[in-house]
Amino acid sequence: MNMTILALDLGTTTGWALMHADGQITSGSQSFKPQRFEGGGMRFLKFKRWLTDVKQCTSGIDLVVFEEVRRHAGVDAAHAYGGFMGQLTAWCEHHQIPYEGVPVGTIKKHATGKGNAGKEDMIASAQARGHNPADDNEADAIALVYLTHDRQMPQEV
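Draft legend 1. Molecular detail of the packing of helix 4 (residues 119-128) against helix 5 (residues 136-152). Helix 5 packs onto helix 4 with a crossing angle of 55° between their chain directions and a minimal axis gap of 8 Å. Taken together, the axes of helix 4 and helix 5 are oblique relative to one another. The two elements helix 4 and helix 5 cross, and the hand of that crossing is left-handed. The segment helix 4 lies against helix 5, with Lys119, Met122, Ile123 and Ala126 engaging Asp136, Ala139, Asp140, Ile142 and Ala143.

As structure tokens, this is what we get:
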């Protein structure tokens, strides 16, 4: 498989992992917290600009995957997630990049063997693969990029 995959854990602090075509992974967390005098939509414009910067720093993105959240702790989190997801899917459509949401439990089960794994379990899973995530958002994105890679690989018979 020679694909470049961008995996995202969407939110005000977005975790990201980029698996390059050669299999190398870079990752991090990016904050889109609004500044004091910014309007509510600025975080989404910054997110869109950040996506474009990531795309320009690579030889192209073949697939974008994101953590698909179905239940949020609060209304604000749900609104933020919806805004990020709307920007992401529109950006992918504009750039003709395929995208896919993957349920949280599926990611956790692949990474830890438990669909209800906690934040510390996800961080430990990323560390076991040789990564040093700054937070659980980055750890989730790392787990998602590995899951996507494993799904793309041909199955041995």
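Read on, since the account is not over.
Draft legend 2. Region of the structure containing the confidence of the model for the protein. Of all residues in the protein, 96% attain a pLDDT of 70 or more, and the chain-wide mean is 92. Ranking the elements of the protein by mean pLDDT puts helix 2 (residues 75-95) last, at 92, and strand 1 (residues 5-9) first, at 98.

Draft legend 3. Structural context of the side chain of Ser125. Mapped onto the elements of the fold, Ser125 is located in helix 4. On the basis of relative accessibility, which here comes to 12%, the residue Ser125 falls in the buried class. Within polar-contact distance, the side chain of Ser125 engages the backbone oxygen of Ala111 at 3.0 Å. Not counting the four nearest positions on each side in its chain, Ser125 is found in contact with Ala111 and Thr112.

Draft legend 4. Broad picture of the sheet that holds strand 5 (residues 99-103). Across the sheet, five strands lie side by side as 3-2-1-4-5; this open sheet has mixed pairing. Of all strands in the sheet, those bounded by a partner on one side alone are strand 3 (25-31) and strand 5. Sheet twist, expressed as the mean angle between neighbouring strand axes with direction ignored, is 20°. Here five bridges tie strand 4 (residues 63-68) to strand 5, and the two strands are oriented parallel to one another. Directly across from Val64, in strand 5, lies its bridge partner Tyr99. Across the sheet, helix 3 (residues 104-112) is in contact with strand 4 and strand 5; its angle to strand 5 comes to roughly 75°.

Draft legend 5. Main features of helix 4. Residues of helix 4 that are buried include every one of Met122, Ile123, Ser125 and Ala126, and no others. One side of helix 4 carries all its buried residues, which in axial view fall inside an arc of 155°. For helix 4, the exposed residues lying more than 90 degrees away from the buried face are Glu120 and Ala128. On its buried side, helix 4 packs onto helix 3 and helix 5.

Draft legend 6. Just the pairing of strand 1, in detail. Here strand 1 lies mainly inside the structure; five of its five residues are buried. In the sheet, strand 1 pairs with strand 2 (residues 13-19) via five bridges, with the strands oriented antiparallel. Bridging across to strand 2, Asp9 finds its partner in Gly15. Where strand 1 folds back on strand 2, the antiparallel hairpin that results is connected by three residues. One ladder, built from four bridges, connects strand 1 with strand 4; its direction is parallel.

The rules we used
- Residues numbered from 1 in each chain as written.
- Predicted model: local features only at pLDDT ≥ 70, side-chain atom pairs only at ≥ 80, totals over all residues.
- Heavy atoms only, no water.
- Axes fitted to C-alpha atoms, helices over the stretch in contact; angles between N-to-C directions.
- Helix = DSSP H or I, 4+ residues; strand = E, 2+ residues; numbered from the N terminus.
- Parallel < 35°, antiparallel > 145°, perpendicular 65-115°, else oblique.
- Left-handed = near helix turned anticlockwise from the far one by under 90°.
- Contact = heavy atoms within 4.5 Å.
- pLDDT = per-residue confidence, 0-100.
- Buried < 20%, exposed > 50% of the residue type's maximum accessible area, 1.4 Å probe, protein only.
- Polar contact = N/O pair within 3.5 Å; in protein donor to acceptor, adjacent residues only side chain to side chain.
- Pairing = 2+ DSSP bridges.
- Arc of directions from axis to C-beta.

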